Amino acid sequence: MGIRQIAESDLGLILEDSTTGFGWPITITDPDGTTGSLTGFSDDIAQVIDPETGQIVSGRLASAVVRISSLTTVGLALPRGIADANIKPWIVEFDDINGTAWKFKVAQSNPDRMLGVVSLLLELYQ
Amino acid sequence: MITTLIDKQDSFEIIRDQIAAILKTESLNQMQIAGTEGKDPQGWALRVYTERSNPWEQVLNDPTDNTPIVNVWFSDSTFDPSTSNISERQASESTFNIDCYGIGVSRDDGDGHIPGDKEAAFETQRTIRLVRNILMASEYTYLALRGLVWQRWPQSVTVFQPQSDSTTVQQVVGSRLTMRVKFNEFSPQYEHQTLELLSTTMTRAGDGQIVVAAEYDYT
């Protein structure tokens, strides 16, 4: 097994270990309504926004990282940001550490096809 | 020495507060009119502040309230000596920045969705529209300060480019309406001393001589 295959295989321990690692349950829904339950990294922290008026606005930055092979396993394609307002966006849902559920849409998808992970930049979705 | 306490607001402070008061009052008034016309009053709602520099944290901690934010702040003044006098009145032309923040959160819309980036841009432009229309309404030709304000004029509108380096969960777009206002500033005046009372009576004598009789207290 080559080093890249080993690295991809290690994602199971690095990304998807929710028992002793940082793995966290994440639900992803595609525009057709197909839903898959995965384990990956999720992130939701405060982030300042600079609208260039000279005054910053407190905001939030949320993201998720999942293994591409696990997306395929649950029957999902690679998530992507949907610009067309006539189509449902890709939806990502996860709880914060205190159990509050949050729902986001995928604003931007940054796949790393060499290593086999995709980083999803998220926007709040109501 | 100046003998009186300088305990007043300068005209630029009065005008800054007046702009904010007009915006808030008219926003509420528009909401009421919208309600009577069967429209959603939220489309005319504004959160108005003056001179705020702390971050707008409610965007982070209250994501359900996406009412646009308006911040009125004084920027600068120039003084025109040709229309002033050197002792009491300084004609001023001042800039007031009215910053508007539109907040957009993506949401479901039937078979599709409303994107937050578009929503934020539309919200800030709607806010600029409201602010300019209110302040340039003929009812506020002198910002309801006739005698103090000579002219108010919208100098420019700038919508700032949304940030593209990172995507936050709420989209925020900022814009600025720059208002120029001409008005007078006034300065403390010398307190005059009361003159001695003096009365005179002027008469013309029969020979034509002018006779002045003066009466005054002296020590």
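From a predicted model like this one, the values you see are computed outputs, not experimental measurements. (Residues numbered from 1 in each chain as written. Chains lettered and ligands numbered in written order. Predicted model: local features only at pLDDT ≥ 70, side-chain atom pairs only at ≥ 80, totals over all residues. Heavy atoms only, no water.)

Turning our attention to the pairing of strand β6 (residues 117–124) of chain A. Residue and element names in this part refer to chain A. Judged by how many residues are buried, β6 sits mostly within the fold: six of eight residues are covered. Pairing between strand β3 (residues 57–67) and β6: six bridges, direction antiparallel. Its bridge partner lying in β6, V65 is registered against S119. Remark: four residues form the turn of the hairpin made by strand β5 (residues 101–112) and β6, two consecutive strands paired antiparallel; G116 in that turn has positive phi of roughly 95°. (Buried < 20%, exposed > 50% of the residue type's maximum accessible area, 1.4 Å probe, protein only. Helix = DSSP H or I, 4+ residues; strand = E, 2+ residues; numbered from the N terminus. Pairing = 2+ DSSP bridges.)

This part covers the sheet that holds β6(A). Residue and element names in this part refer to chain A. The six strands lie next to each other as β1-β2-β3-β6-β5-β4, forming a closed barrel whose pairing is antiparallel. Shown here is a sheet whose adjacent strand axes are inclined to one another by a mean of 45°, direction ignored. Where strand β2 (residues 35–49) meets β3, nine bridges bridge the pair, whose relative direction is antiparallel. Paired with S42 across the bridge in β3 is A64. Helix-sheet contacts for helix α1 (residues 3–14) involve β2, β3 and β6, and the interaxial angle to β3 is about 120°. (Axes fitted to C-alpha atoms, helices over the stretch in contact; angles between N-to-C directions. Contact = heavy atoms within 4.5 Å.)

The end-to-end C-alpha distance of helix α1 (residues 11–36) of chain B is 37 Å, a good match for the 38 Å that 26 residues give at a rise of 1.5 Å each. Regarding α1(B), the residues found buried are S11(B), I15(B), R16(B), Q18(B), I19(B), A20(B), I22(B), L23(B), E26(B), S27(B) and A34(B). (Expected span 1.5 Å × (residues − 1).)

Taken together, the 33 residues of chain A in the interface contact 38 residues of chain B. Of the roughly 3000 Å² buried between chain A and chain B, counting both surfaces, carbon and sulfur atoms make up 54%. In this structure, the connection of chain A to chain B is made through one salt bridge. The salt bridge partner of K88(A) is D108(B), with a shortest N-O separation of 2.5 Å. The interface formed by chain A and chain B contains twelve residue pairs in polar contact (both at pLDDT 80 or more). Every element with two or more residues in the side of chain A that touches chain B is listed here: β2, β3, β5 and β6 of chain A. Residue contributions to the side of chain A that touches chain B peak at six residues, all from β3(A). Residues belonging to the side of chain A that touches chain B are distributed by class as follows: 18 nonpolar, eight polar and seven charged. (Buried area = accessible area lost by both parts, 1.4 Å probe. Salt bridge = Lys/Arg side-chain N within 4 Å of Asp/Glu carboxyl O. Polar contact = N/O pair within 3.5 Å; in protein donor to acceptor, adjacent residues only side chain to side chain. Nonpolar A, V, L, I, M, F, W, Y, C, P; charged D, E, K, R; others polar.)

Turning our attention to the environment of I114(B). Residue and element names in this part refer to chain B. Examined against the element boundaries, I114 turns out to sit in strand β5 (residues 112–114). A C-alpha to C-alpha distance of 9.2 Å links I114 and G104, two positions ten residues apart in sequence. If sequence neighbours within four positions are ignored, I114 has contacts with V105, S106, R107, D109 and E119.

All right, on to the pattern of salt bridges then. All told, the structure shown has twelve salt bridges over all chains when counted by the stated rule. Overlapping salt bridges, with partners in common, bring together E8(A), E16(A) and R67(A) in one network.

All names here are of chain B. One open sheet accounts for five strands, arranged β1-β2-β3-β7-β6; its pairing is mixed. For this open sheet the edge positions go to β1 (47–50) and β6 (149–159), each flanked by a neighbour on one side alone. Neighbouring strand axes in the sheet, compared pairwise and without regard to direction, differ in orientation by 25° on average. The strands that α1 touches are β1, β2 (69–80), β3 (89–104), β6 and β7 (171–186); relative to β7, the one it contacts most, it runs at about 135°. Packing of helix α3 (residues 116–135) onto the sheet brings it into contact with β2, β3, β6 and β7, and relative to β3 it is tilted by some 150°.

Time to look at the nonpolar core. The nonpolar side chains of a soluble globular protein tend to be buried with one another. Core analysis: the biggest nonpolar cluster contains 27 residues, and I15(B), I19(B), L23(B), V70(B), I98(B), V131(B) and L135(B) have the highest contact counts within it. Within the residue set of this core, elements represented by two or more residues are α1, β2, β3, α3 and β7 of chain B. Setting aside its immediate chain neighbours within four residues, V70(B) contacts L23(B), L46(B), R47(B), V48(B), Y49(B), I98(B), D99(B), C100(B), T127(B) and V131(B). Listed in part, the 20 residues of the second largest apolar core include A62(A), A64(A), F104(A) and V169(B). (Core = buried A, V, L, I, M, F, W, Y, C linked by side-chain atoms within 4.5 Å.)

The description of an aromatic ring pair rests on the distance of the ring centres and on the angle between the ring planes. The tally for this structure, following the rule as stated, stands at three aromatic pairs over all chains. Here F12(B) and F74(B) contribute two aromatic rings whose centre-to-centre distance is 4.3 Å and whose plane-to-plane angle is 35°, an arrangement assigned as tilted. Of this pair, F12(B) sits in helix α1 while F74(B) sits in strand β2, and the two are 62 residues apart along the sequence. Taking NZ or CZ as reference, R60(A) lies 4.2 Å from the ring centre of W102(A), over its face. (Phe/Tyr/Trp six-rings, centres within 6.5 Å; stacked < 30°, edge-to-face > 60°. Lys NZ or Arg CZ within 6 Å of the ring centre and 35° of its normal.)

Residue and element names in this part refer to chain A. Relative to strand β4 (residues 91–95), strand β1 (residues 24–29) is paired through three bridges, and the arrangement is antiparallel. When the sheet's bridge partners are listed, I28 is paired in β4 with V92. In this sheet, β5 lies alongside β4 in antiparallel orientation, the contact comprising five bridges. In the strand pairing of β5, E93 is matched with K103. Hairpin connection between β4 and β5: a loop of five residues separates the two successive antiparallel strands, and G99 in this loop has a positive phi of roughly 90°.

Moving on: the side chain of S11(B). Residue and element names in this part refer to chain B. One can find S11 in helix α1. A polar atom in the side chain of S11 sits 2.7 Å from the backbone oxygen of N184. Residues in contact with S11, not counting those within four places in the same chain, are L148, F183, N184 and E185.

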